[in-house]
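# Notes for the structure review
Residue-level listing of the chains:
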Amino acid sequence: MLNPTLLASSSLGLLLLAGAAPGPEQGRPEDPAQGEPAGQAPVPATDLHLPAGFEAELLYTVPRDEMGSWVCLTRDDRGGLFASDQGGKGIYRITPAPIDGIGETTAVKLPTDVSGAQGLLWAFDSLYANVNGQGLWRIRDTDGDGEPEDAKHLVKLGNGGEHGPHAVLPTRDGEGIYFIAGNHTMLPEIDGSRAPSNWGEDLLLPRQWDARGHARGRLAPGGWIARCGPDGEDIEIVSSGYRNQYDIAINDDGEMFTYDADMEWDIGMPWYRPTRICHATSGSEFGWRSGTGKWPEHYEDSLPPTYNIGPGSPTGLLFGTGAKFPARYQRALYALDWTFGTIYAFEIVPEGSSYRAVRSEFAWSKPLGVTDATIGADGAMYFTVGGRGAQSALYRITYTGDESTAPASGADAEGADARALRRSLEAFHGAPNPGALEAAWGHLGAQDRFIRFAARIAVENQEVSTWAAAALSEEDPRAASTALLALARQGREQDTGPLVARGLELWDGGLEDPDRLTLLRAFAVAMARHGSPDRGTRADLSRRLLAAAASGPAKGGSQALVDVEVTRLLTYLGEPRAVTFGMEMVRAPRGDEELPLWAELLDRNDRYGPPIKAMITDRPPIRGMEVAFILRNAEEGWTPELRREYFAFLNEAAAHSGGASYPGFLQNMRADAADKLTVKERQSLAELLGLSLVAGPPEGVTPPKGPGRKWTTEEAVAAVEGHLTDRDFAAGVNLYHATSCSSCHMFAGKGGAIGPDLSTVGNKFALRDLLECVIEPSLAISDQYGSQLLMDHDGNIAEGIVVEEGDEYVVYPRDLGAEALVFHRDEVKVLKESKVSQMPEGLVDGLNVDELRDLVAVLLSGGNKKAKYFKQ
């Protein structure tokens, strides 16, 4: 029902703290069209929840028609700030009103045509802008007027959309800059990479692309972090394997962190990965692969996150360095989440050669669509809300408490030796080095995973012929498993047989579960890259793995992870007994260990926990789903009883809650498995194969009573504002279905999959903007949910969401219930973006005033019947 443009949880949002945008008396220019917009006096932001001793001010309400909506922020060269509109309005120099003084905040457009930056940086006497659809620009003042105007295009990045070019940051050594991009941005022409650049999908079994077509065909390395010189030279990839990291930050010890996005449509599936803080070390890989291909955290050729946050939408990231805050807040890592309107503060605690994190909420309100933040020259934190053409504003947070705000001490002494060791190994990343093997080999068996990873990358950067024999003869079990994984990644087809033979010797010698997982991963990567070994080696491998599985699958823990990987490998090898072993895990009862690690966080926040917690409470059997997904590839080993049990399991899973792609994934899993049935088997399973896996609306939905009207945004705001108490929850839920919202949108774990999930709109949107999305859905259109126009060579035109499937384009029309249209690629003459939203207008025009109020109350509540809007 709502405009997808403003609701995609992986995109940027808005908004102001109060239910409506501030009026002239709160600082908005009364007539911004007359010359430069007027300055604005600070206003206390009393609705912002902050720790004791902190205060916030609304400094500037952005004139939307003149200055757009701001999504990135950085310090300028004069003690002020730069900000950029997400569209084409421009880049602005901001002079904030003085702290504890009399004055106004002003914003002036720079004399350059560059705009649409999602990352800004002042460095090397220049303003750097990483622009969506264009790439990295350097803008300098060449005419001596003090304002940068001369723009040079350094690095072309001509794609990406919301998953495109993002932050820019200076390198710690002061000799270059980092720039980053999300997973829809193709790599530029690079000069090097810290890790070998032969990135692979490394998936042993066929993946499924996202059921709704998102990121279809996007391959490794996914989102990336790069370094270059001041003029865009010497581009080197530093870290990769992200989905859509918007920002990066560097601590006092020179260690880099980023904040990666989840794919919220995947919730409920085993490959869902929550938003997370990652320690972006040299050559690091974090395992994003499109669709079902995301690597589990235990894959040794990737690194684990520092902290799994949960569902959300990452935007800005920064350390508090330079802030006039108490010491613990100066050292904190601040992460901005648009979906939940929150700025988190993480205590980053040394752990081995890396870190762990402790989370707290630093600032939040409802709504608060935070987009970016920076520490100003005055020691205050400045942050913006806005994005996607919506109302934007600039805020400032200062500390006025009694604690000392003296500069905190520098790098942590704890873990310094371990970090120094890791960095000494990272010095061998990027190119062959004669001393690398001697320095790194002895650390392949390190207990510290980040040291072990750094050592392996150092080895992999050397010519494989210089260390392959050592990998096949290493005696230490952990070092040997790690070395075989390196060989799987960098070796040749003829290395697979010896690799498996040596691996089985280690397997028979007894390994701890983490080392068995590494060994199984080495087998999988070698076969994914080079194909299956000879028949004798396959038979030997199957026999040895089956012997280890003879006692049946484990109930949980690391042994359960081993069992899943054994099933994956046996299925790939065509071993019939994989089915019997795997189905034991499919039918196993769910245990507490299946709760996601971030589930406990939802209990700590009643603002946004209930709708997502409801999905978790009604969660599907995730481990069983993971194994069922593997077994869809199995052709041998099935009995009629096991076939029936398998398809019944998928049908039962459909009754549970999940993200927007959940039902589509189930349908595709069932279709893949059904393709392997004989005609007779299909006939015997017809009643199971014919059941719908998409939950329909509940029984008893009644149409609106009316009388309705042609609602406008202004009329709807006037009718609803101030009337959202003592509403009828049941009536609002009924109207959610009666107005066809549930046909396209997920809400509290139930509903359709065409538009974005509406469970958390109350945290993102003020009332006016929410109603604008409902009533005027085509004002702005997200690249995740936008429609396209397709015309074939005969002049036939189709409009809707277009998904590429092989050599065909499948068009899902705007009209609800209409059948999908299929065009062969050769038939298509024109394919372009539509300016009309996939969401129809007029869906609420059948509602009377009270019905509109009830519906809006339910949307703002996130499905929580105990929310303040309802009769209790």
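If you're wondering where the values come from, they're calculated on a predicted model, not measured in any experiment. Residue numbers restart at each chain and count upward from 1, following the sequence in its written direction. The model is predicted, so local features are restricted to residues of pLDDT at least 70 and side-chain atom pairs to those at 80 or more, both for listing and for counting; the totals for chains, interfaces and linings are taken over all residues. To obtain the side-chain values, all non-hydrogen atoms of the structure were used and water was disregarded.

### Description of the overall build of the protein
Put simply, the test is: Here a strand is any run of E in DSSP of at least two residues, a helix any run of H or I of at least four, and the numbering for each starts at the N terminus. Buried residues are those whose accessible area, probed at 1.4 Å on protein chains only, stays under 20% of the maximum for their type, while exposed residues exceed 50% and partly exposed ones sit between those limits. By definition in these notes, contact holds between two residues if any of their heavy atoms fall within 4.5 Å. Surface accessibility in these figures is a Shrake-Rupley result with a 1.4 Å probe; residues are shielded only by whichever protein chains are displayed.
For the protein, the helix and strand inventory stands at 24 helices and 34 strands. Sorting the 872 residues of the protein into buried and exposed places 60% on the buried side. Sequence separation of at least 24 residues holds for 67% of the intrachain contacts in the protein that already meet a minimum separation of 6. Summing over all exposed atoms, the protein offers an accessible surface of approximately 32,900 Å²; the carbon and sulfur share of this is 49%.

### What about the packing of helix α12 (residues 577-587) against helix α14 (residues 622-631)?
For clarity, the cut-off: Angles shown run from 0 to 180 degrees and are taken between the N-to-C directions of axes, each axis being a line fitted to C-alpha atoms and, for helices, limited to the stretch in contact. Roughly parallel covers angles under 35 degrees, roughly antiparallel covers those over 145, roughly perpendicular covers 65 to 115, and oblique covers all other angles. Rotating anticlockwise by less than a right angle from the far helix to the near helix defines a left-handed crossing, while the corresponding clockwise rotation defines a right-handed one. When residues are sorted by character, Ala, Val, Leu, Ile, Met, Phe, Trp, Tyr, Cys and Pro go into the nonpolar class, Asp, Glu, Lys and Arg into the charged class, and all the rest, Gly among them, into the polar class.
Between α12 and α14, the least distance of the axes is 8 Å, while the angle of their chain directions is 155 degrees. On the basis of their axis angle, the class for α12 and α14 is roughly antiparallel. Both α12 and α14 take part in a crossing whose hand is left-handed. Residues Ala-578, Val-579, Gly-582, Met-583, Met-585 and Val-586 of α12 form the contact with α14, whose participating residues are Gly-624, Val-627, Ala-628 and Leu-631. For the contact of α12 with α14, the residue count by class is eight nonpolar, two polar and no charged.

### Focus: empty space enclosed by the protein
Selection rule: Here a cavity means grid points, on a 1 Å grid over the protein atoms only, where a 1.4 Å probe fits yet cannot get out; a pocket means an open set of points with protein on both sides within 12 Å along at least five of seven lines; lining residues are those with an atom within 4 Å of a point. Grid points are joined across faces, edges and corners, and a volume is the space filled by probe spheres set on the points.
A complete count under the given rule lists 10 cavities of 30 Å³ or more for this structure. Taken as a whole, the second largest cavity encloses approximately 140 Å³ of empty space. Lining the second largest cavity are 21 residues, and of these Ala-195, Pro-196, Trp-199, Glu-285 and Arg-489 lie nearest its centre. Elements with a minimum of two residues in the lining of the second largest cavity: β15 (236-242), β19 (284-285), α5 (449-460) and α7 (477-490). When residues of the lining of the second largest cavity are assigned to their parent elements, the largest contribution, four residues, is made by β15. Here the residues of the lining of the second largest cavity sort into eight nonpolar, eight polar and five charged.

### Some remarks on the sheet that holds strand β16 (residues 248-250)
Strand pairing in a sheet relies on backbone hydrogen bonds. The paired strands run either parallel or antiparallel. How we decide: Any two strands are treated as partners once DSSP identifies two or more bridges connecting them.
Sheet architecture is open: four strands sit in the order β16-β17-β18-β20, paired in antiparallel fashion. Each edge of the open sheet carries a strand with a single partner, namely β16 and β20 (307-310). Strand-to-strand twist of the sheet, defined as the mean angle between neighbouring strand axes without regard to direction, takes the value 20 degrees. Sheet analysis places strand β17 (residues 256-260) next to strand β18 (residues 275-279), joined by four bridges and oriented antiparallel. Directly across from Phe-257, in β18, lies its bridge partner His-279.

### Let's talk about the confidence of the model for the protein
Formally: A residue's pLDDT is simply how confident the predictor is in it, with values from 0 to 100.
With 88% of its residues at a pLDDT of 70 or more, the protein has an overall mean of 88. Low pLDDT (under 50) marks residues 1-35, which in the prediction has 149 contacts with non-local residues, meaning those over four places away or in another chain. For residues 604-608, every residue scores under 50 in pLDDT, and the model assigns this stretch 16 contacts once sequence neighbours within four places are set aside.

### Side note on α14
Of all 10 residues in α14, seven are buried, a share of seventy percent or more. Turning to α14, its buried residues are Gly-624, Met-625, Val-627, Ala-628, Phe-629, Ile-630 and Leu-631. Buried-residue contacts for α14 involve α11 (557-572), α12, α15 (640-653) and α16 (662-674).

### Notes on a negative patch on the surface
Put simply, the test is: Only residues whose relative accessible area exceeds 30% and that form no salt bridge are eligible for patches; like-charged ones are grouped when within 9 Å, while nonpolar side chains (Val, Leu, Ile, Met, Phe, Trp, Tyr) are grouped when within 5 Å. Think of a salt bridge as a Lys or Arg side-chain nitrogen and an Asp or Glu carboxyl oxygen that are within 4 Å of each other. We score Asp and Glu as negative and Lys and Arg as positive, and we do not count His or the chain ends. Charge coordinates come from a single atom per side chain, which is NZ of Lys, CZ of Arg, CG of Asp or CD of Glu.
Among the surface-exposed residues, Asp-125, Asp-141, Asp-143, Asp-145 and Asp-150 lie close enough to one another that they form a single negatively charged patch. Inspection of the secondary structure puts Asp-125 in the loop between β7 (117-123) and β8 (126-131). Since its relative accessible area comes to 61%, Asp-125 is described here as exposed.

### Considerations on the side chain of Asp-513
Quick reminder of the rule: For this analysis, a polar contact is any N or O atom pair within 3.5 Å, provided that within protein one partner can donate a hydrogen and the other can accept it, and provided that sequence-adjacent residues contribute only side-chain to side-chain pairs.
Along the chain, Asp-513 turns up in helix α9 (residues 513-530). Of note is the side chain of Asp-513, whose polar atom sits 2.7 Å from the side chain of Ser-558. Look past the residues within four positions of Asp-513 in its chain and what remains in contact with it is Ser-558, Gln-559 and Val-562.

### Overview of the sheet that holds strand β24 (residues 354-364)
Spatially, the four strands line up as an open sheet ordered β21-β22-β23-β24, and their pairing is antiparallel. Two strands close off the open sheet at either side, each with one partner strand: β21 (314-319) and β24. Strand after strand, the sheet turns through a mean of 25 degrees between neighbouring axes, direction not considered.

### Digging into the packing of aromatic side chains
The condition that has to hold: Stacked, edge-to-face and tilted are the three classes for Phe, Tyr and Trp ring pairs, Trp counted by its six-membered ring, which pair at centre distances within 6.5 Å; planes under 30 degrees apart are stacked, over 60 edge-to-face, the rest tilted. Throughout this description, the term charge over a ring refers to an Arg CZ or Lys NZ atom that lies within 6 Å of the ring centre and within 35 degrees of the ring normal.
Scanning all chains against the criterion turns up 24 aromatic pairs. An angle of 65 degrees between the planes, with centres 5.7 Å apart, marks the rings of Phe-257 and Phe-319 as edge-to-face. Residue Phe-257 is found in strand β17, and its partner Phe-319 is found in strand β21; the two are separated by 62 residues along the sequence. Per residue, the accessibility class of Phe-257 equals that of Phe-319, and both read buried. Three or more aromatic residues link up through ring pairs in this structure, and these residues are Phe-54, Phe-325, Tyr-329, Tyr-334, Phe-362 and Tyr-399. If you follow Arg-521 out to its NZ or CZ, it ends over the ring of Trp-295, 4.6 Å from the centre.

### Digging into the pattern of salt bridges
In a structure, side chains of opposite charge can pair up when their charged atoms sit close to one another. Taken as a whole, this structure holds 47 salt bridges when the rule is applied. Note that Asp-508 is salt-bridged to Arg-544, the shortest N-O span being 2.4 Å. Highlighted residues: Asp-508 in helix α8 (residues 496-508) and Arg-544 in helix α10 (residues 535-548), separated in sequence by 36 residues. Of the charged contacts, one joins Asp-850 and Arg-727 as a salt bridge, the two residues approaching to 3.3 Å between their closest N and O atoms. With Asp-850 in helix α24 (residues 849-861) and Arg-727 in the loop between α19 (713-720) and α20 (729-738), the pair connects residues that are 123 residues apart, well separated along the chain. We classify Asp-850 as partly exposed; its relative accessible area is 42%. With a relative accessible area of 10%, Arg-727 lands in the buried category. Overlapping salt bridges, with partners in common, bring together Asp-253, Glu-255, Arg-419, Arg-422, Arg-423 and Glu-426 in one network.

### Section: the nonpolar core
How we decide: Here, nonpolar core refers to any group of buried Ala, Val, Leu, Ile, Met, Phe, Trp, Tyr and Cys residues whose side-chain atoms link them within 4.5 Å.
Counting 85 residues, the largest nonpolar core has Phe-523, Leu-541, Leu-569, Tyr-646, Phe-647 and Leu-666 as the members making the most contacts within it. Top contributing element to this core by residue count: α9, with nine residues. In this structure, Tyr-646 is in contact with Met-583, Ala-628, Leu-631, Arg-632, Trp-638 and Ala-673, ignoring residues within four places of it in sequence. Among the nonpolar cores identified, the runner-up in size contains 30 residues, and Leu-847, Leu-852, Ala-857 and Ala-867 belong to it.

### Overview of unusual backbone geometry
Omega for the bond connecting Lys-366 with Pro-367 falls within 30 degrees of zero, at 0 degrees, which places this linkage in the cis form. Of note, Pro-367 is situated in the loop between β24 and β25 (370-375). Gly-706 connects to Pro-707 through a cis peptide bond whose omega is 0 degrees. As for its position among the elements, Pro-707 is in the loop between α18 (686-689) and α19. For Asp-100, which is not a glycine, the phi torsion comes out positive at approximately 55 degrees. Here Asp-100 lies in the loop between β5 (91-95) and β6 (106-109). For Asp-100, a relative accessible area of 80% corresponds to the exposed category.

### Observations concerning the packing of α11 against α14
Relative orientation of the contacting elements α11 and α14 amounts to 15 degrees, with a least axis distance of 9 Å. With respect to their mutual orientation, α11 and α14 come out roughly parallel. Like other packed secondary-structure pairs, α11 and α14 cross with a definite hand, here right-handed. Of the residues in α14, those touching α11 at Ala-560, Val-564, Thr-567, Arg-568 and Thr-571 are Arg-623, Glu-626, Val-627, Ile-630 and Leu-631. Tallied by class, residues from the contact of α11 with α14 come to five nonpolar, two polar and three charged.

### As for the environment of Thr-466
For Thr-466, the location among the structural elements is in the loop between α5 and α6 (468-473). With 29 residues separating them in the primary sequence, Thr-466 and Leu-437 have C-alpha atoms 8.8 Å apart.

### Thoughts on the pairing of β15
Of all seven residues in β15, six are buried, a share of seventy percent or more. Judged from the two bridges that link them, strand β13 (residues 192-193) and β15 form a sheet pairing that is parallel. Counterpart to Ser-193 in the pairing with β15 is Ile-237. Relative to β15, strand β14 (residues 223-228) runs antiparallel, the two sharing five bridges. Across the sheet, the residue bridging to Trp-224 is Ser-240, located in β15.

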